[in-house]
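The chain contents come next:
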Amino acid sequence: MTNPPKRPRAQTRSRRRLRDDRGSESVELAILLPVGILVLALLVVGARIALAGDRISGVAGIAARDASIARSATSAQTIATTSAKQALASDNVHCTNIQVTVDSSGFNAPPGTSASITVNVWCTVDLSDIAVTGMPGSKTLHDVATSPLDPARDLSLGFRNLDGSPPAKPSAEVRL
């Protein structure tokens, strides 16, 4: 009987090491998978905020331009709010809360002088559907714009005379 040839020690150690490393890939995956998911969630949240911020960046300008052609401060507020909501809806920005404020003090300036109207739009974007612990549930985005009022505007057309009395009705008589 002959003994099998002995293997060098280095070869025996390397085989033992290989045998001892079994299952380590599973442990690495179990550690790195949650980190990868968190990074992916951060990318999705960042992209959603960036896209919503890009889309809201012109909404206040649209609302200010539309409100600048209004005849009164109250109608400017209504026009600006409607215009901002329509612009956000057409851009597919889903806001949970839309706030529009209008600085319509320019309507107090007499016609013939330069005046402006300023519109602020706040949009709260919902992020709660990306349920990652530690992430914010929403992000509020803001846009502001100023538009000049027409200096040649005549606030009395069809509403009231300068003294506050109602305008005279045209007569039904036709003269040749």
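Quick summary incoming for the structure in this document. Please read these numbers as outputs of a predicted model, since none were measured by experiment.

A word on the sheet that holds strand S2 (residues 115–126). Taken together, three strands build an open sheet; the order of strands is S1-S2-S3 and the sheet is antiparallel. A single partner strand is all that each edge strand has here, and the edge strands are strand S1 (95–103) and strand S3 (138–149). Averaged over neighbouring strand pairs, the angle between their axes works out to 15° when direction is ignored. In this structure, S2 lies alongside S3, joined through twelve bridges in antiparallel fashion. By the bridge assignment, Ala 115 is partnered in S3 with Leu 149. Each of S2 and S3 is contacted by helix H2 (residues 24–56), which is oriented at about 15° to S3, the strand it contacts most. Strand contacts of helix H3 (residues 59–67): S2 and S3, with the helix running at about 35° to S3, the strand carrying the most contacts.

It is at 8 Å that the axes of H3 and helix H4 (residues 73–90) come closest, and there the two elements cross at 145°. Regarding H3 and H4, the two cross each other, and that crossing is right-handed. Facing Val 59, Ile 62, Ala 63, Asp 66 and Ala 67 of H3, the residues of H4 in contact are Ala 76, Ile 79, Ala 80, Ser 83, Ala 84, Ala 87 and Leu 88. When grouped by side-chain class, the residues that make up the contact of H3 with H4 number ten nonpolar, one polar and one charged.

This part takes up the side chain of Asp 143. If you trace the backbone, Asp 143 turns up in strand S3. The side chain of Asp 143 sits in the buried core without any salt bridge; Arg 65 is the nearest counter-charge, 9.1 Å away. A polar side-chain atom of Asp 143 sits 3.1 Å from the main-chain amide nitrogen of Ala 60. Setting aside anything within four residues of it in sequence, one finds Asp 143 in contact with Ile 56, Ser 57, Gly 58, Val 59, Ala 60, Gly 61, Val 119, Asn 120 and Val 121.

The next subject is H3. Burial in H3 covers these residues: Val 59, Ala 60, Gly 61, Ala 63, Ala 64 and Ala 67. In this structure, the buried side of H3 is in contact with H2, H4, S2 and S3.

This part takes up the nonpolar core. Counting residues in each nonpolar core, the largest one holds 30 residues, and the members touching the most others are Ile 56, Val 59, Ala 80, Val 100, Ile 117, Val 119 and Val 121. For this core, the secondary structure elements donating two or more residues are H2, H3, H4, S1, S2 and S3. Broken down by element, the residue count for this core peaks at six residues, all from S2. Residues in contact with Val 100, not counting those within four places in the same chain, are Gln 77, Ala 80, Thr 81, Ala 84, Val 119, Asn 120 and Val 121.

Here we take up H2. Here H2 contains 33 residues, and its C-alpha end-to-end distance of 48 Å stays within 8% of the 48 Å for a straight helix at 1.5 Å per residue. Leu 32 marks where H2 bends most, by close to 30°; the proline Pro 34 follows one to four residues later. Considered for burial, the residues of H2 that qualify are Ala 41, Val 45, Ala 52 and Ile 56. Of the surrounding elements, those touching the buried residues of H2 are H3, H4, S2 and S3.

Moving on, we get to a nonpolar patch on the surface. Taken together, Val 35, Val 39, Leu 40, Leu 43 and Val 44 make up a surface patch of nonpolar side chains, about 450 Å² in accessible area. In this fold, Leu 43 is placed in helix H2. Take Leu 43: its relative accessible area is 57%, and that puts it in the exposed class.

Rules and cut-offs
- Residues numbered from 1 in each chain as written.
- Predicted model: local features only at pLDDT ≥ 70, side-chain atom pairs only at ≥ 80, totals over all residues.
- Heavy atoms only, no water.
- Pairing = 2+ DSSP bridges.
- Helix = DSSP H or I, 4+ residues; strand = E, 2+ residues; numbered from the N terminus.
- Axes fitted to C-alpha atoms, helices over the stretch in contact; angles between N-to-C directions.
- Contact = heavy atoms within 4.5 Å.
- Left-handed = near helix turned anticlockwise from the far one by under 90°.
- Nonpolar A, V, L, I, M, F, W, Y, C, P; charged D, E, K, R; others polar.
- Buried < 20%, exposed > 50% of the residue type's maximum accessible area, 1.4 Å probe, protein only.
- Lys, Arg positive; Asp, Glu negative; His and termini not counted.
- Salt bridge = Lys/Arg side-chain N within 4 Å of Asp/Glu carboxyl O.
- Polar contact = N/O pair within 3.5 Å; in protein donor to acceptor, adjacent residues only side chain to side chain.
- Core = buried A, V, L, I, M, F, W, Y, C linked by side-chain atoms within 4.5 Å.
- Expected span 1.5 Å × (residues − 1).
- Bend = angle between axes of the 7 residues up to and from the residue.
- Patch = residues over 30% accessible without salt bridge, like charges linked within 9 Å, V, L, I, M, F, W, Y side chains within 5 Å.
- Areas by Shrake-Rupley, 256 points an atom, 1.4 Å probe, with all protein chains shown as cover.

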